[in-house]
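# Coordinate analysis (summary)
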Amino acid sequence: MSLFVTELRRLTKRRLTRLMLVLLVLGLATVATAFSFSSHKLSPEVVAAAQAESDAQYKRSVQEWQRTVTECEAAQAKGEQTEERYGQNCGKDYQPQPEMFDPKWNLPYQFDFRAEFPMFIAVFAGAVALFAFIVGASFVGAEWNTGGMMNLLLWRPKRLAVLGTKLAALLTTVLGLSVVLGALWTAAFWLIGTSRGTTAKMTAGAWRSIGLDGLRAVALILVVGAVAYALASLGRHTAMALGAAVALFAISEIGIRIAVGVLGVSFGERYVLSTYAQSWFMKQAELFDYDTCQFAKGACEPAKYVVTWEQSAVVFGIGAVAALVAAFWAMRRRDIA
Amino acid sequence: MSAVLEIEGLRKTYRSRKRGVRHALDGFDMRVEAGQVHGFLGPNGSGKTTTLRTLLGLIRPNGGRMAILGQELPRALPAVAGQVGAIVESPQFFPHFTARDTLGLLAQAGELPRRRVDEVLEQVGLRDRAGERVKTYSLGMKQRLAVASALLKDPKLLILDEPANGLDPGGIREMRRLMRELAESGMTVVLSSHILGEIQLICDSVTIISLGRRVAFGPVDQVLAAHSQNSVRVRLEAVTDLPHAAETLTRSGIRVAAAEPDHLMLADVDKPAEVSRILAEQGLYVSELTPVAVDLESVFLELTATAPVPGQNRQVDQSAKVDQTGTAGGWGA
Ligand SMILES: Nc1ncnc2c1ncn2[C@@H]1O[C@H](COP(=O)(O)OP(=O)(O)OP(=O)(O)O)[C@@H](O)[C@H]1O
Ligand SMILES: [Mg+2]
């Protein structure tokens with residue numbers, strides 16, 4: 001227990017942790033603030049103004065249309081060739097219709113909490129996961145690098161317990177931060193929704209769905225933190241985790257994409273990691289194979305492949321467990337010099 | 001007397017695909033009695049740090065037996081860790097923490113009262129600088145912090161790998177005093193160092209290691225006595241006659257241990273008068289003939305065969321290799 005408290009203290013004392021936390025909070029605050037300016041509440045006045053504007057637009061274009069038709073007919077009367085300039089029949093068939101001037105087009109953007117907040121959960125998760133990755137990797141990486149780990153092991157010679165306790169301290173901190181910042185993030189967007197957007201139709205079911213999205217986001221953040229920690233501990237250097245992440249990204253997002261493209265594998269994206277990240281947040285990712293379509297025969301439903309969030313859970317779970325097992329195994333076996 | 005530290009037949013082999021096999025420890029033995037200050041000596045790369053790391057559970061040995069305070073290692077390490085304070089080869093600390101934070105975190109991990117931190121900071125002379133970041137410390141200050149971290153536990157066994165590394169003369173002398181005080185208070189200290197004058201002053205006993213094996217051990221005076229070798233320094237009236245004299249003495253069966261520019265060092269001389277007679281017969285006249293008290297440094301150089309030879313650049317790992325059986329005969333080796 002004392003070691004756990006010590007490690008919590010060490011983590012929060014670190015400059016990098018504090019710096020990254022400040023950056024994270026600033027970043028999230030900037031996104032929320034900037035976004036709040038782009039949303040405008042659709043008050044009756046705004047709706048009425050939009051309606052009035054569409055009406056005016058409709059009127060203007062009918063007048064314009066009439067003017068050209070008149071012009072055209074005048075020209076025809078003079079025996080001029082009008083087809084090229086005014087189209088067939090002087091464009092009489094193209095009279096503007098009122099439904100072409102939907103007032104919706106004149107409405108400003110309004111944030112819809114129920115429909116759009118899930119996307120902002122993903123944004124939040126991305127930012128906090130990045131934080132977890134950097135802080136998690138450097139928490140153990142710097143410790144190896146500066147000999148702090150060795151020092152600690154002279155005090156607590158149980159290697160696995162030390163590595164595990166440090167990880168627990170990291171995950172506890174990240175979890176606490178995710179919960180606190182997540183609550184603030186939700187509150188901020190709820191505020192934007194009530195003051196500058198809409199929070200309509202937020203039934204208990206909608207809240208539950210958002211709650212589950214939040215849980216999945218937190219799970220992903222913790223997994224990213226744990227994997228970064230495991231990689232940095234395996235390589236005994238912070239840069240190791242960063243390098244592995246870059247390599248994984250390059251292989252998965254570029255290498256595999258190119259490979260499946262060249263080989264013509266259908267639904268090649270199911271081998272790409274970001275597909276699983278997407279389905280993790282959106283509950284499923286749909287992949288389409290347009291090669292199955294023969295457009296000559298008209299409209300076509302392309303073949304579909306669905307990646308579910310459960311599949312994502314399996315993929316990420318296996319990855320995390322593999323990294324952690326390797327890190328703990330190496331901790332047990334390898335000399336500390 | 002009971003042994004605080006026992007090592008028998010310890011082996012550590014490093015394997016690498018490129019450079020093959022290196023026996024860093026090759027059946028090494030060591031024994032340290034309670035309440036002693038024990039010097040652990042050996043040339044660079046002889047295996048001192050490897051021994052201490054293995055003892056502290058940082059390295060897995062390939063064979064042999066170790067015990068601290070009567071408890072078998074590495075099995076009992078968690079149980080004895082609280083009684084062993086150690087620094088291993090200029091330890092590093094997290095550079096952005098202050099000395100007080102660094103020690104505070106260690107004390108917390110070891111469930112020690114916070115006041116110990118200030119006590120040891122005072123002891124090593126860092127009291128007034130304890131609030132500064134370790135990054136800004138000088139080499140000697142870092143070394144003092146390391147010693148402080150080892151003392152924090154108030155251990156029964158204190159293991160210091162080159163603690164004097166980077167200390168100023170005053171610091172070295174303080175370290176000497178500290179070691180003595182700690183030993184008097186009942187602590188056992190194992191000290192690895194290359195400053196042999198220092199070791200000779202503060203240690204009760206020594207172990208000398210070369211190429212992963214013990215070449216000598218025992219109380220300092222006994223090791224010295226066993227290797228005093230009745231050394232004699234000879235000066236002649238004419239320095240130019242020295243080569244001739246060396247030749248003459250060697251022919252008469254007297255070992256010339258070293259030929260310096262202005263004198264000769266002879267070893268195993270029972271009767272100095274004999275030397276004088278042999279040289280006089282050749283018309284060489286002695287201006288000085290002094291028995292030399294050996295110091296630990298010369299014994300070390302001889303035992304490990306690492307004395308510099310003019311015109312040669314000795315490489316590391318070029319040192320005495322003893323047979324496995326050679327260490328069995330007590331301090332004489
Ligand atoms: N991780 C390692 N891999 C391979 N060889 C190693 C490793 N660590 C140490 N050695 C080798 O083991 C031998 C003993 O090294 P050790 O550090 O114990 O020497 P030392 O007695 O402490 O020397 P010094 O006086 O220079 O500190 C050396 O030859 C060294 O090169
Ligand atoms: Mg060493």
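Residues numbered from 1 in each chain as written. Chains lettered and ligands numbered in written order. Predicted model: local features only at pLDDT ≥ 70, side-chain atom pairs only at ≥ 80, totals over all residues. Heavy atoms only, no water.

## Some points on the overall build of chain A
Selection criterion: In DSSP terms, a helix is any run of H or I states spanning at least four residues, a strand is any run of E spanning at least two, and both are numbered starting from the N terminus. The atom set for the radius of gyration is the C-alpha atoms, and the globule formula is 2.2 Å times the number of residues raised to the power 0.38. Residues are treated as being in contact if the distance between any of their heavy atoms lies within 4.5 Å. Under the convention used here, a 1.4 Å probe and the Shrake-Rupley method define accessible areas, while residue burial counts only the protein chains that appear. In this count, Lys and Arg are taken as positive residues and Asp and Glu as negative ones, while His and the chain termini are left out. Working definition for charges: the position is that of NZ of Lys, CZ of Arg, CG of Asp or CD of Glu.
In terms of regular secondary structure, chain A is built from eleven helices and two strands. Reading the helices (α) and strands (β) of chain A from amino to carboxyl end gives α-α-α-α-α-α-α-α-α-α-β-β-α. A compact globule built from 337 residues should have a C-alpha radius of gyration of about 20 Å, whereas chain A, at 29 Å, is more than 25% larger. By its C-alpha atoms, chain A is 105 × 50 × 35 Å across when sized along the principal axes. Counted over contacts in chain A with a minimum sequence separation of 6, partners at least 24 positions apart contribute 75%. With the model as given, the accessible surface of chain A reaches about 18,200 Å², and the carbon-plus-sulfur share is 65%. Seen as two clouds, the 32 positive and the 25 negative side-chain charges of chain A have centres 21 Å apart.

## Description of the coordination of the magnesium ion (ligand 2)
Residues and elements named next belong to chain B. Threshold: Donor atoms are limited to N, O and S found within 2.8 Å of the metal ion, a distance that becomes 3.2 Å for Na, K and Ca. With water left out, some sites might look partial. Accessibility here uses a 1.4 Å probe with only protein chains present; expressed as a share of the type maximum, an area under 20% marks a residue as buried, one over 50% as exposed, and anything in between as partly exposed.
The magnesium ion (ligand 2) binds to the protein through Thr-49 (OG1) and Glu-89 (OE), with metal-donor distances spanning 1.9 Å. Highlighted residues: Thr-49 in helix H1 (residues 48-55) and Glu-89 in the loop between strand S6 (84-87) and helix H3 (99-109), separated in sequence by 40 residues. Accessibility expressed as a relative area gives 11% for Thr-49, which makes it buried. Since its relative accessible area comes to 37%, Glu-89 is described here as partly exposed.

## Overview of the sheet that holds strand S5 (residues 71-73) of chain B
Residue and element names in this part refer to chain B. Put simply, the test is: Note on pairing: two strands pair once DSSP finds at least 2 bridges between them. Comment: axis = line fitted to C-alpha atoms, over the contacting stretch for helices; angle = value between 0 and 180 degrees taken between N-to-C directions.
Taken in spatial order, the four strands line up as S2-S1-S4-S5 in an open sheet, and their pairing is antiparallel. Edge positions in the sheet fall to strand S2 (20-33) and S5, since each has one partner strand and no second. Adjacent strand axes in the sheet meet at a mean angle of 25° when their direction is disregarded.

## Topic: the domain arrangement of chain A
Condition: Where each domain starts and ends comes from a domain assignment, either automatic or drawn from a database.
You can read the domains of chain A as domain 1 (3-41 + 111-333) and domain 2 (44-106). Centre-to-centre separation of domain 1 of chain A and domain 2 of chain A, based on C-alpha positions: 53 Å.

## Comments concerning the nonpolar core
What counts, and what does not: We call a set of buried Ala, Val, Leu, Ile, Met, Phe, Trp, Tyr and Cys residues a nonpolar core when their side-chain atoms join them within 4.5 Å.
In terms of nonpolar packing, the biggest core is built from 142 residues, with A:Phe189 and B:Ile159 touching the most fellow members. Tallying contributions element by element places helix H5 (residues 113-145) of chain A first for this core, with 17 residues. Apart from the residues within four sequence positions on either side, A:Phe189 is in contact with A:Ala32, A:Phe35, A:Phe111, A:Phe113, A:Phe117 and A:Phe120. Among the nonpolar cores identified, the runner-up in size contains 15 residues, and B:Leu236, B:Leu242, B:Leu264 and B:Ile278 belong to it.

## Quick word on the site of ligand 1
All names here are of chain B. Worth spelling out the cut-off: Only heavy atoms are used to decide nearness, and a residue is near a molecule or strand if one of them lies within 4 Å of it. Polar contact is the term for a pair of N or O atoms within 3.5 Å; when the atoms are in protein, one must be able to donate a hydrogen and the other to accept it, and sequence-neighboring residues count only if both atoms are side-chain atoms.
Surrounding ligand 1, one finds 14 residues, the nearest of these being Gly-45, Lys-48, Thr-49, Thr-50 and His-194. Separating an oxygen atom of ligand 1 from a side-chain N or O atom of His-194 is a distance of 2.8 Å. Alone, ligand 1 offers 640 Å² of accessible surface; in the complex the protein occludes 69% of this. Of all the secondary structure elements, the ones that give two or more residues to the shell around ligand 1 are S2 and H1.

## Some details on unusual backbone geometry
All names here are of chain B. Across the junction of Leu-73 and Pro-74, the peptide omega takes the value -5°, indicating a cis bond. For Leu-69, which is not glycine, the phi dihedral falls at a positive 50°. Within the secondary structure, Leu-69 sits in the loop between strand S4 (63-68) and S5. A positive phi angle, close to 55°, is found at Ala-305, a residue other than glycine. Here Ala-305 lies in the segment after helix H11 (296-304). The exposure class assigned to Ala-305 is partly exposed, which follows from its relative accessible area of 47%.

## Points about the environment of B:Arg114
Note on placement: B:Arg114 falls in the loop between H3 and helix H4 (115-123). Setting aside residues up to four positions removed in sequence, B:Arg114 forms contacts with A:Arg9, B:Arg100 and B:Gly104.

## Focus: helix H1 (residues 2-13) of chain A
Each full turn of the α-helix corresponds to 3.6 residues, which orients residues three or four apart in the same direction. Operational definition: Under the convention used throughout, the expected extent of a helix is 1.5 Å for every residue step, that is, one less than its residue count. Picture the helix axis, draw a direction to every C-beta atom, and the arc is the one those directions span.
The end-to-end C-alpha separation of H1(A) is 16 Å, in line with the 16 Å expected for twelve residues at 1.5 Å each. Of the residues making up H1(A), those classed as buried are A:Ser2, A:Leu3, A:Thr6, A:Glu7, A:Arg10 and A:Leu11. Along the long axis of H1(A), the arc covered by the buried residues comes to 165°, so they all point the same way. Looking at the buried residues of H1(A), the elements they touch are helix H2 (15-38), H5, helix H6 (148-155) and helix H7 (159-196) of chain A together with H3 of chain B.

## Some words on the confidence of the model for chain A
For clarity, the threshold we go by: On a scale of 0 to 100, pLDDT captures the predictor's confidence in every residue.
Confidence in the prediction of chain A, expressed as mean pLDDT, is 90, and 100% of residues score 70 or more. Within chain A, the lowest mean pLDDT, 78, falls on helix H4 (residues 83-86) of chain A, and the highest, 96, falls on H7(A).

## Topic: the interface of chain B and chain A
Worth spelling out the cut-off: The term buried area refers to how much accessible surface (probe radius 1.4 Å) is lost by two components on association, counted for both of them together. Salt bridges are defined as contacts in which a side-chain nitrogen from Lys or Arg sits within 4 Å of a carboxyl oxygen from Asp or Glu. By the convention adopted, Pro, Cys, Tyr, Trp, Phe, Met, Ile, Leu, Val and Ala count as nonpolar, Lys, Arg, Asp and Glu as charged, and the other residues, Gly among them, as polar.
Taken together, the contacts link 34 residues of chain B with 29 residues of chain A. For the pair chain B and chain A, the summed buried area comes to about 2,700 Å², and 59% of that belongs to carbon and sulfur atoms. Inspection of the chain B/chain A interface yields two salt bridges. For A:Lys13, the salt bridge is made with B:Asp101, and the minimal N-O distance between the two is 3.5 Å. For the interface between chain B and chain A, the tally reads 14 residue pairs in polar contact (both at pLDDT 80 or more). Among the secondary structure elements, those contributing two or more residues to the side of chain B that touches chain A are strand S1 (3-16), helix H2 (77-80) and H3 of chain B. Among the residues making up the side of chain B that touches chain A, the classes are represented as 19 nonpolar, seven polar and eight charged.

## Section: the UniProt feature "transmembrane region" (unreviewed entry) in chain A
Residue and element names in this part refer to chain A. Going by this rule: UniProt positions are given in the numbering used here, feature names are shortened, and annotations may be inferred rather than shown by experiment.
Taking the numbering used here, the UniProt-annotated feature "transmembrane region" (unreviewed entry) corresponds to residues 117-140, 160-193, 213-232, 239-260 and 313-331. The straight-line gap between the two end C-alpha atoms of residues 117-140 is 34 Å; of that span, 100% is helix and 0% is strand. End C-alpha atoms of residues 313-331 are separated by 27 Å, and the span's content is 100% helix alongside 0% strand.

## Remarks on the side chain of A:Ser54
Residue and element names in this part refer to chain A. Structurally, the position occupied by Ser-54 is in helix H3 (residues 44-77). Taking relative accessible area as the criterion, Ser-54 reaches 1% and is therefore assigned buried. Of the polar contacts made by the side chain of Ser-54, one reaches the backbone oxygen of Ala-50; its length is 2.8 Å. Side-chain polar atoms of Ser-54 contact the side chain of Asn-106, separated by 3.3 Å.

## Topic: the packing of aromatic side chains
Residues and elements named next belong to chain A. Condition: Planes of paired rings set the category: under 30 degrees apart is stacked, over 60 is edge-to-face and the rest tilted, where pairs are Phe, Tyr or Trp rings (Trp by its six-membered ring) whose centres lie within 6.5 Å.
Considering all chains together, one arrives at 20 aromatic pairs over all chains under this definition. Relative to Tyr-109, the ring of Phe-35 lies with its centre 6.1 Å away and its plane at 70°, an arrangement referred to as edge-to-face. One end of the pair, Phe-35, is in helix H2; the other, Tyr-109, is in the loop between H4 and H5, and 74 residues separate them in sequence. Among the residues examined, Phe-35 registers a relative accessible area of 14% and is labelled buried. Clustering of aromatic rings is evident, with ring pairs tying together Phe-35, Tyr-109, Phe-111, Phe-113, Phe-117, Phe-120, Phe-124, Trp-185, Phe-189, Trp-190 and Trp-207.

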